[in-house]
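# Chain and residue survey
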Amino acid sequence: MSYSKDKVKAPLLTFFSKANDFLAVVEPTLVQEETRHRLMLGIAIALKKNPTAYGDRLPLLCAHLDTRGQPVFIAVMTPPFPILVWFEKSLDDEDLHLLAKEILDAGWDVPGVNGIAECSERFAPILAEQSKRDLLKEMRSRSYELTQVRFPASLPTGHWQWADQSQAESILKLLLGMQTDLQPVVTTNYTLEQARSFIEAKRVSVWVVDGEAVSIAMSNRPQLTSIGISAVYTPPEHRKKGYAGANVAYLSQTLLYQGFERVNLFTDLANPTSNKIYMQIGYCEICDYQQFKLK
């Protein structure tokens, strides 16, 4: 499908102000490969439940539909995070230039691009050219999914549990330590109130040794049949003892017991240790994501 510049008169993109309207259009496409689209789908579902789930700033939700009304280009952005894009391979560079221009002309300040690698790697240079900005390649991550846990043959000292409110300050310390050590592209200013709310929602999983939480993981972004795990972190002084693998294994099994068909997560490909650990407990590779920064 190609669009000649002198023939295109009507806008290509449909912009949505409500997540439920957006999902009504894009969900049938995204759920066909739920783990591949877990980030975009999970964000949209969270916005449907709570329009301010990612802050008070208006999110970008848009799609380009073909003649059958099926989405062939989808974009989601919750500032200050990068824009997430997915599109059919049939869209050529001329199509992508027109779509990028419509996003920019609508007044969106895009800090970067993320998405399934074959999409973000094509769209990011075009958006950089359209906005006359430089492009910096950032984290490459891998999406995994699990349907059956393989517990480690030998579990480490300690035990697994959901975090409780008596551990709130320890959980906050671990979350802030994760921000410092891992230096994510966009940092979160975690507070004690947030830590308490995560614990109350039964989202925080910990491995405990001698009464101390030595590893953390969190359930995140429920999709339709799946749920994600994020914020997996073990402080440097407790690493290489098997705590993270055991924690994620128990959390994954608990989420499966809750009725989810699969559990998914992202890993930083620059960290081969975590990728190995997850595969050992049953996670399978699905696809890579590539993130870019516009500067």
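Up top is the structure these notes are about.
Since we're looking at a predicted model, the values are computed, not measured.

Direction vectors running N to C along helix α5 (residues 168-182) and helix α6 (residues 192-200) enclose 110°, while the axes themselves pass 9 Å from each other. If you check the angle between α5 and α6, you find them roughly perpendicular. Crossing geometry of α5 relative to α6 is assigned as right-handed. Contacts between α5 and α6 involve Ala168, Glu169, Ile171, Leu172 and Leu175 from the former and Leu192, Ala195, Arg196, Phe198 and Ile199 from the latter. Residue classes in the contact of α5 with α6 are distributed as eight nonpolar, no polar and two charged.

The next thing to look at is helix α3 (residues 93-105). Here α3 contains 13 residues, and its C-alpha end-to-end distance of 18 Å stays within 8% of the 18 Å for a straight helix at 1.5 Å per residue. Summarising the contacts, the buried residues of α3 are in contact with β1 (13-15), β2 (60-65), β3 (71-77), β4 (83-87) and α4 (117-131). You can read the cap of α3 off the contacts: a side-chain oxygen lies 3.1 Å from the backbone nitrogen of Glu94, and it is on Asp92. Positive phi appears at Gly107, one or two residues downstream of α3, with a value of about 95°.

The tally for this structure, following the rule as stated, stands at 13 salt bridges. Across the pair Glu285 and Arg142 runs a salt bridge, and its minimum N-O distance is 3.5 Å. Note that Glu285 is positioned in strand β12 (residues 284-294) and Arg142 in strand β6 (residues 135-146), a separation of 143 residues in sequence. Since its relative accessible area comes to 45%, Glu285 is described here as partly exposed. Here Arg142 ties to Asp288 by a salt bridge, and the two come within 2.6 Å at their closest N and O atoms. Taken together, the residues span a long stretch of sequence, with Arg142 in strand β6 and Asp288 in strand β12 at a distance of 146 residues. With a relative accessible area of 15%, Asp288 lands in the buried category. Beyond isolated ion pairs, a larger network of salt bridges with shared partners links Glu121, Arg140, Arg142, Glu285 and Asp288.

Let us look at unusual backbone geometry. A cis amide bond, omega 10°, links Pro79 with the succeeding residue Pro80. Even without being a glycine, Lys202 presents a positive backbone phi close to 55°. Phi is positive for Lys240, which is not a glycine, with a value near 65°.

Strand order in the open sheet made by the 12 strands is β1-β2-β3-β4-β5-β12-β6-β11-β10-β9-β8-β7, with mixed pairing throughout. Every interior strand has two partners, whereas the edge strands, β1 and β7 (159-162), have only one. Ignoring strand direction, the axes of neighbouring strands in this sheet form an average angle of 25°. Here β6 runs beside β12; their pairing, made up of nine bridges, is antiparallel. Bridging across to β12, Ser141 finds its partner in Tyr289. Together, β1, β2, β3 and β4 form the strand contacts of α3, whose direction differs from that of β1 by roughly 30°. Relative to strand β10 (residues 226-233), α5 is tilted by about 80°, and along the sheet it contacts β8 (204-209), β9 (212-220) and β10.

Under the 1.5 Å per step criterion, the end-to-end length of α4 is 21 Å for 15 residues, consistent within 8% with the ideal 21 Å. Of all the positions in α4, only Ala117, Cys119, Ser120, Phe123, Ala124, Ile126, Leu127 and Ala128 are classed as buried. Contacts made by the buried residues of α4 are with β3, β4, α3, β5 (112-114), β6 and β12. Looking one or two places after α4, you find Lys132, whose phi comes out positive at around 55°.

Reading the values: rules and limits
- Residues numbered from 1 in each chain as written.
- Predicted model: local features only at pLDDT ≥ 70, side-chain atom pairs only at ≥ 80, totals over all residues.
- Heavy atoms only, no water.
- Axes fitted to C-alpha atoms, helices over the stretch in contact; angles between N-to-C directions.
- Helix = DSSP H or I, 4+ residues; strand = E, 2+ residues; numbered from the N terminus.
- Parallel < 35°, antiparallel > 145°, perpendicular 65-115°, else oblique.
- Left-handed = near helix turned anticlockwise from the far one by under 90°.
- Contact = heavy atoms within 4.5 Å.
- Nonpolar A, V, L, I, M, F, W, Y, C, P; charged D, E, K, R; others polar.
- Expected span 1.5 Å × (residues − 1).
- Polar contact = N/O pair within 3.5 Å; in protein donor to acceptor, adjacent residues only side chain to side chain.
- Salt bridge = Lys/Arg side-chain N within 4 Å of Asp/Glu carboxyl O.
- Buried < 20%, exposed > 50% of the residue type's maximum accessible area, 1.4 Å probe, protein only.
- Pairing = 2+ DSSP bridges.

These figures capture arrangement, not role.
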